[in-house]
Amino acid sequence: MSCKTNACNLNSCTDITSNQESKKLIRSEDGVKFYDDEFIFYQEGNIPVIVTFPHSGKLKIKGIPIRKSGCIDPDWWTEELAICMIQAFNCISCCCGCVIKDKNNNNNNNNNNNNKADCCKPTSTSTTTTISEECSCCNINFNSNKVDYKLECPRPYIVYSKIHREMCDFNRGESNAFEDERMKPHHQLYHDTIKSFISKIKSENPEYYDGGKVMLLDIHGQSDIPSFILRGTKDTNTVKPMLKHLGNDSFIGENSILGYLLNVGGIDVFPLNNLPSDSTTDPTDPKYIPPNKIPHNKDESYNPLNPYLEHPEFNGAFTVINYSKNYTINCIQIEVGYLWRSTIENRIKFSRTLRSSILNFINHYLQK
């Protein structure tokens, strides 16, 4: 995504001191903890998956100068993706009916046929799937992140920033994320929240942490290959626990996070389901990727892309590097192509498909 410098429109800015006194942690009636103010939103989850949106913010804060270094463009419509994900995971028809397998339940009778995550499963030939009149994720309210939480619904931990990237880049370390010290508390809150979620998962479900099953998905937007989702793991370096404990299929197989997007949702992914070690130029090798399967990148300097390596501009940054290295969890940067963000219909389809993919992954790998 190209970077530019814009003069701040003071009419759209908010004073940093406004509503500070009203901040508080809210517990909903059914016990789901979430926090929401004009700067940040986060919610606690009940599955070992954290979804973050560092460049989703639109808020320009009065009196805070625009950063002079680094990219300052937001990832357009990723706040809407965050809102869509919150609501999609709270759909009583599509999500709450999907039963996450209980590791202590070895009963394999027919009653367990509902232990799957393909409810409201999208297909490559349709963009909407209505299961019943109770389905709420087919009609997302993009104007609000408020939901009537259903305690029985499986949900990830979610964190998204509302502050414009011009003020602070939450996908950078503290030393170069902002240029005004007044941004420091916001940057710290964002990352302290992620750290607290990792600690909560580790303390409540140590078997998931020790078994390489904790996942952080860092959601971004890219326009270089608009119809594709780009994977960023520093070419598998940020998913070592998964590869060690769950095997390669958990990362590139049909039940992997991105494998499901491609194989069930019909959403193109790059790289295809392969590893850097699969590289071959032998057309007779089953792992060979022909040139016509390699997407064309807008930046001609990167063409042709190496089909066995991640896009060099979108292969993972601070968030996935930091939390995989220092907290030993799996981290994947997911760069959502412009096509999947720019229309309401596609935002809903992508979010619902990612929702189903996460649930499918949890059901398939949590008990291994």
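Small disclaimer: the values here were computed from a predicted structure and weren't measured.

S.K.: What exactly am I supposed to notice about the overall build of the protein chain here?
M.R.: The number of helices and strands found in the protein chain is nine helices and 11 strands. The long-range share in the protein chain, meaning contacts at least 24 apart out of those at least 6 apart in sequence, stands at 78%. Carbon together with sulfur atoms contributes 47% to the accessible area of the protein chain, which is approximately 16200 Å² in total.

S.K.: Please clarify how the pairing of strand 11 (residues 330-337) should be interpreted in this entry.
M.R.: Two faces, one strand: in a regular strand the side chains alternate between the faces of the sheet. The element strand 11 is largely enclosed, with a buried count of eight among its eight residues. Residues Asn-330, Ile-332, Ile-334 and Val-336 line one face of strand 11 and the alternating positions Cys-331, Gln-333, Glu-335 and Gly-337 line the opposite face, and both faces are buried. With eight bridges joining them, strand 8 (residues 215-222) and strand 11 adopt parallel strand pairing. Residue pairing across strands places Met-215 opposite Asn-330, the latter belonging to strand 11. Taken together, the four bridges between strand 9 (residues 229-232) and strand 11 define a ladder with antiparallel strand orientation. When the bridges of strand 11 are listed, Ile-229 appears paired with Val-336.

S.K.: What should I look at first to understand the nonpolar core in this one?
M.R.: Soluble, globular proteins show a tendency: their nonpolar side chains are buried together. Counting 77 residues, the largest nonpolar core has Leu-217, Ile-334, Phe-350, Leu-354 and Ile-358 as the members making the most contacts within it. Among the elements that make up this core, the one with the highest residue count is helix 9 (residues 344-365) (seven residues). For Leu-354, the contacting residues outside a window of four places in its chain are Met-85, Leu-217, Ile-219, Ile-257, Leu-261 and Ile-334. With nine residues, the next largest nonpolar core counts Cys-84, Cys-135, Ile-140 and Phe-142 among its residues.

S.K.: Where do I start with the side chain of His-164 in this structure?
M.R.: Along the chain, His-164 falls in the loop between strand 7 (157-161) and helix 2 (174-177). The exposure class assigned to His-164 is buried, which follows from its relative accessible area of 5%. At 2.9 Å, the side chain of His-164 forms a polar contact with the backbone nitrogen of Glu-166. Here His-164 is in contact with Gly-57, Lys-58, Leu-59, Lys-60, Ile-72 and Pro-74, once residues within four sequence places are set aside.

S.K.: For this particular structure, what's the right way to read the confidence of the model for the protein chain?
M.R.: Interpretation of this model should avoid reading the predicted coordinates in detail wherever pLDDT is low. For the protein chain, the mean per-residue pLDDT works out to 85, and 81% of the residues sit at or above 70. The low-confidence segment residues 1-13, where pLDDT is below 50, has 28 contacts with residues more than four positions distant or belonging to other chains. Below a pLDDT of 50 lies the segment residues 99-133, which in the model reaches 67 contacts outside its immediate sequence neighbourhood of four places, other chains included.

S.K.: Teacher, can you tell me more about the packing of aromatic side chains here?
M.R.: Across all of its chains, the model carries 10 aromatic pairs by this definition. An aromatic cluster is defined as three or more aromatic residues linked by ring pairs; in this entry it consists of Phe-34, Phe-41, Tyr-149 and Tyr-160. Sitting over the face of the ring of Phe-142, Arg-347 holds its NZ or CZ atom 5.2 Å from the ring centroid.

S.K.: Just checking my understanding: could you explain helix 1 (residues 78-88) for this structure?
M.R.: Given 3.6 residues per helical turn, the α-helix brings residues three or four places apart onto the same face. Burial of helix 1 is extensive: 11 of the 11 residues sit out of reach of the surface. Taken together, the buried positions of helix 1 are occupied by Thr-78, Glu-79, Glu-80, Leu-81, Ala-82, Ile-83, Cys-84, Met-85, Ile-86, Gln-87 and Ala-88. In this fold, the buried residues of helix 1 make contact with strand 4 (40-43), strand 5 (49-53), strand 7, strand 8, strand 11 and helix 9.

S.K.: Looking at this structure, I do not really get the side chain of Asn-297. What am I missing?
M.R.: Mapped onto the secondary structure, Asn-297 falls in the loop between strand 10 (269-270) and helix 8 (318-327). For Asn-297, the contacting residues outside a window of four places in its chain are Asp-224, Ile-225, Tyr-302, Asn-303, Leu-305 and His-311.

S.K.: What's the story with the environment of Gly-266 in this structure? I'm lost.
M.R.: Among the secondary structure elements, Gly-266 is positioned in the loop between helix 7 (257-263) and strand 10. Looking at Gly-266, the relative accessible area reads 34%, which means it is partly exposed.

S.K.: I tried to follow the packing of helix 1 against helix 9 on my own but got confused; where do I start?
M.R.: Each packed pair of helices is defined by two parameters, the angle between the axes and the distance between the axes. Interhelical geometry of helix 1 versus helix 9 gives an angle of 50° and a closest axis separation of 9 Å. As judged from the angle between their axes, helix 1 and helix 9 are oblique. The two elements helix 1 and helix 9 cross, and the hand of that crossing is right-handed. In contact with Glu-80, Leu-81, Cys-84, Met-85 and Ala-88 of helix 1, helix 9 contributes Arg-347, Ile-348, Phe-350, Ser-351, Leu-354, Arg-355 and Ile-358.

Calculation criteria
- Residues numbered from 1 in each chain as written.
- Predicted model: local features only at pLDDT ≥ 70, side-chain atom pairs only at ≥ 80, totals over all residues.
- Heavy atoms only, no water.
- Helix = DSSP H or I, 4+ residues; strand = E, 2+ residues; numbered from the N terminus.
- Contact = heavy atoms within 4.5 Å.
- Areas by Shrake-Rupley, 256 points an atom, 1.4 Å probe, with all protein chains shown as cover.
- Buried < 20%, exposed > 50% of the residue type's maximum accessible area, 1.4 Å probe, protein only.
- Pairing = 2+ DSSP bridges.
- Core = buried A, V, L, I, M, F, W, Y, C linked by side-chain atoms within 4.5 Å.
- Polar contact = N/O pair within 3.5 Å; in protein donor to acceptor, adjacent residues only side chain to side chain.
- pLDDT = per-residue confidence, 0-100.
- Phe/Tyr/Trp six-rings, centres within 6.5 Å; stacked < 30°, edge-to-face > 60°.
- Lys NZ or Arg CZ within 6 Å of the ring centre and 35° of its normal.
- Axes fitted to C-alpha atoms, helices over the stretch in contact; angles between N-to-C directions.
- Parallel < 35°, antiparallel > 145°, perpendicular 65-115°, else oblique.
- Left-handed = near helix turned anticlockwise from the far one by under 90°.

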